[in-house]
Amino acid sequence: MTMTLRSMKKTAPHILLLGFLIVTLYPFIFVLFSSVKSDNQAIASNPFGFPSSFHFENYYEAWVNAKISVYFLNSLYISTLCSVATIIFASMGAFAITRMRYLKMSKGLYQFILIGLLIPGNALLLPIFIMLNKMEGVFGHPILGTHMALILPYTAGAIPFTVIILSAFMRSIPGEIEEAAVMDGLRAKGVFWKIIMPITVPALVTVFIINFIGNWNEFILANFFISTDELRTLPVGMVGFRDIYNTNYAQMSAGIVFSILPVMIIYAVLQKQIIEGLTAGGVKG
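Bear in mind the structure is a predicted one, so any value in this text is a computation, not a measurement. (Residues numbered from 1 in each chain as written. Predicted model: local features only at pLDDT ≥ 70, side-chain atom pairs only at ≥ 80, totals over all residues. Heavy atoms only, no water.)

**Points about the overall build of the protein**
From N to C terminus, the protein includes 14 helices and zero strands. Along the protein, helices (α) and strands (β) appear in the sequence α-α-α-α-α-α-α-α-α-α-α-α-α-α when read from the amino end. When burial is assessed residue by residue, the protein has 38% of its 285 residues classed as buried. A separation threshold of at least 6 residues defines the contact pool for the protein, and within that pool the share at least 24 residues apart is 74%. When the accessible surface of the protein is split by element, carbon and sulfur atoms take 71% of a total near 16800 Å². (Helix = DSSP H or I, 4+ residues; strand = E, 2+ residues; numbered from the N terminus. Buried < 20%, exposed > 50% of the residue type's maximum accessible area, 1.4 Å probe, protein only. Contact = heavy atoms within 4.5 Å. Areas by Shrake-Rupley, 256 points an atom, 1.4 Å probe, with all protein chains shown as cover.)

Here is the structure:
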């Protein structure tokens with residue numbers, strides 16, 4: 001009896017995790033099967049079953065005719081650029097807060113940055129719109145309706161979270177490393193780029209992935225600030241794709257696979273780096 005109870009205690013967590021995995025992956029598997037079925041009739045007759053024949057032409061139709069390729073590249077360009085820019089600005093801010101010797105100012109600035117996490121992003125929609133509209137006089141051309149209307153708020157909006165994560169990680173770096181670098185002739189700029197940034201790579205990878213996925217999935221700003229079809233991102237383009245192919249669920253499913261596959265690949269390949277970066281900063285900081 002004792003052995004049976006011990007076996008059940010060891011087996012129960014695995015069963016729960018397996019059930020959770022099935023529930024989590026099932027929607028994607030359903031969409032994946034639907035994307036290679038012939039038409040709506042094949043999906044309706046066997047919605048949860050394995051396809052009797054594979055029709056990969058649905059992916060070609062979605063990629064070319066529905067311009068998923070254009071939306072995909074727009075999202076890739078914007079998400080990557082914003083994530084890199086956020087890391088550069090936030091890492092400089094985190095370095096100044098945690099490593100520079102201005103304790104009172106650093107603490108006040110850190111508390112001010114924390115406020116940025118308390119403001120819901122949707123509440124800033126109108127202020128961002130007004131600011132971007134007024135920036136036409138600064139740049140000499142309209143900002144709204146261009147990719148810059150997304151790049152600026154995406155980059156600025158991710159800075160508070162990124163600064164907090166990087167600050168927690170940088171606090172764990174021994175000060176003796178910087179002192180040795182300064183004795184070797186490095187100034188603050190050299191210490192930052194040659195010492196701090198290489199050591200902070202695990203945290204940089206973590207925040208890059210999190211920010212990239214957040215930018216990739218963002219819909220509200222992209223929907224309101226971009227009106228040109230050729231400049232739309234993938235989440236917004238998928239809405240138009242649904243309207244165009246509302247009678248062809250197989251091609252619609254192929255478009256959905258294109259939209260979620262990069263995120264799944266990033267998580268599958270780099271999940272270890274994400275966890276290590278978050279836990280290292282949290283425990284050591």
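**Structural notes on helix α10 (residues 188–199)**
Given 3.6 residues per turn, any residue in an α-helix points the same way as the ones three and four places further on. The terminal C-alpha atoms of α10 lie 15 Å apart, and with 12 residues this matches the ideal 16 Å at 1.5 Å per residue to within 8%. Three or more residues of α10 are buried, namely Gly 190, Val 191, Phe 192, Ile 195, Ile 196 and Met 197. For α10, the secondary structure elements touched by its buried residues are α4 (68–99), α8 (148–170), α9 (175–183) and α11 (201–217). (Expected span 1.5 Å × (residues − 1).)

**Let's talk about the pattern of salt bridges**
A complete count under the given rule lists three salt bridges for this structure. The shortest N-O distance in the salt bridge between Lys 67 and Asp 229 comes to 2.2 Å. Residue Lys 67 is located in the loop between α3 (57–65) and α4, and its partner Asp 229 is located in the loop between α12 (220–225) and α13 (234–244); the two are separated by 162 residues in the primary sequence. What makes Lys 67 partly exposed here is its relative accessible area of 26%. The salt bridge involving Asp 229 is made with Arg 232; its shortest N-O contact spans 3.4 Å. The partly exposed category is assigned to Asp 229, whose relative accessible area is 23%. (Salt bridge = Lys/Arg side-chain N within 4 Å of Asp/Glu carboxyl O.)

**Let's talk about the UniProt feature "transmembrane region" (unreviewed entry) in the protein**
When the UniProt feature table is mapped onto this chain numbering, "transmembrane region" (unreviewed entry) sits at residues 76–97, 109–130, 150–170, 191–213 and 249–270. The annotated region residues 76–97 carries 100% helix and 0% strand content, and the separation between its end C-alpha atoms amounts to 31 Å. Annotation note: span residues 150–170, helix share 100%, strand share 0%, distance between end C-alpha atoms 29 Å. (UniProt positions renumbered as here; feature names shortened; annotations may be inferred.)

**Focus on α3**
Within α3, burial applies to Asn 58, Tyr 59 and Ala 62. Buried residues in α3, looked at end-on, bunch into an arc of 100°, giving them a common side. Backbone geometry just downstream of α3 places Lys 67 in the positive-phi region, at approximately 60°. (Arc of directions from axis to C-beta.)

**Description of the packing of α8 against α11**
Two quantities define a packed helix pair, namely the angle between the axes and the distance from one axis to the other. Running from N to C, α8 and α11 cross one another at 155°; their axes reach a closest spacing of 10 Å. Here α11 runs roughly antiparallel to α8, going by the angle between their axes. Of the two possible hands of crossing, α8 and α11 adopt the one that is right-handed. Note on element contacts: α11 touches α8 through Pro 202, Ala 203, Leu 204, Val 207, Ile 210, Asn 211 and Asn 215, opposite Tyr 154, Ala 158, Phe 161, Thr 162, Ile 165, Leu 166 and Phe 169. (Axes fitted to C-alpha atoms, helices over the stretch in contact; angles between N-to-C directions. Parallel < 35°, antiparallel > 145°, perpendicular 65-115°, else oblique. Left-handed = near helix turned anticlockwise from the far one by under 90°.)

**Here we look at the side chain of Asn 74**
Assignment of secondary structure puts Asn 74 in helix α4. Here Asn 74 falls in the buried class, since its relative accessible area comes to 10%. Residue contacts for Asn 74: discarding those within four places in its chain leaves His 147, Glu 230, Leu 231, Arg 232 and Thr 233.

**Comments concerning a nonpolar patch on the surface**
Taken together, the side chains of Leu 18, Leu 21, Ile 22, Leu 25, Ile 29 and Met 264 define a hydrophobic patch exposed on the protein surface, amounting to about 500 Å² of accessible area. A total of five residues in the nonpolar patch trace back to one element, the largest contributor, which is helix α1 (residues 2–35). In this fold, Met 264 is placed in helix α14 (residues 249–284). Relative accessible area serves as the criterion here: at 33%, Met 264 is assigned to the partly exposed category. (Patch = residues over 30% accessible without salt bridge, like charges linked within 9 Å, V, L, I, M, F, W, Y side chains within 5 Å.)

**Things to note about the environment of Val 70**
The topology assignment puts Val 70 in helix α4. Overall, the relative accessible area of 22% leaves Val 70 in the partly exposed class. Each C-alpha atom, one on Val 70 and one on Arg 232, is 8.1 Å from the other, the two residues being 162 residues apart in sequence.

**Here's the deal with the confidence of the model for the protein**
Within the protein, residue pLDDT values average 82, and 89% of them lie at 70 or more. By mean pLDDT, the top-scoring element of the protein is α4 (91), and the lowest-scoring one is helix α7 (residues 136–139) (70). (pLDDT = per-residue confidence, 0-100.)

**Quick notes on the nonpolar core**
In this structure, Phe 95, Leu 166, Val 191 and Ile 196 are the most contacted members of the largest nonpolar core, which totals 23 residues. When contributions to this core are tallied by element, the ones reaching two or more residues are α4, α5 (103–115), α8, α10 and α11. For this core, the leading source of residues is α8, giving six residues. If sequence neighbours within four positions are ignored, Phe 95 has contacts with Met 100, Met 170, Glu 178, Ala 188, Val 191, Phe 192 and Ile 196. Val 36, Ala 62, Ile 209 and Met 238 belong to the second-largest nonpolar core, a separate cluster that totals 19 residues. (Core = buried A, V, L, I, M, F, W, Y, C linked by side-chain atoms within 4.5 Å.)

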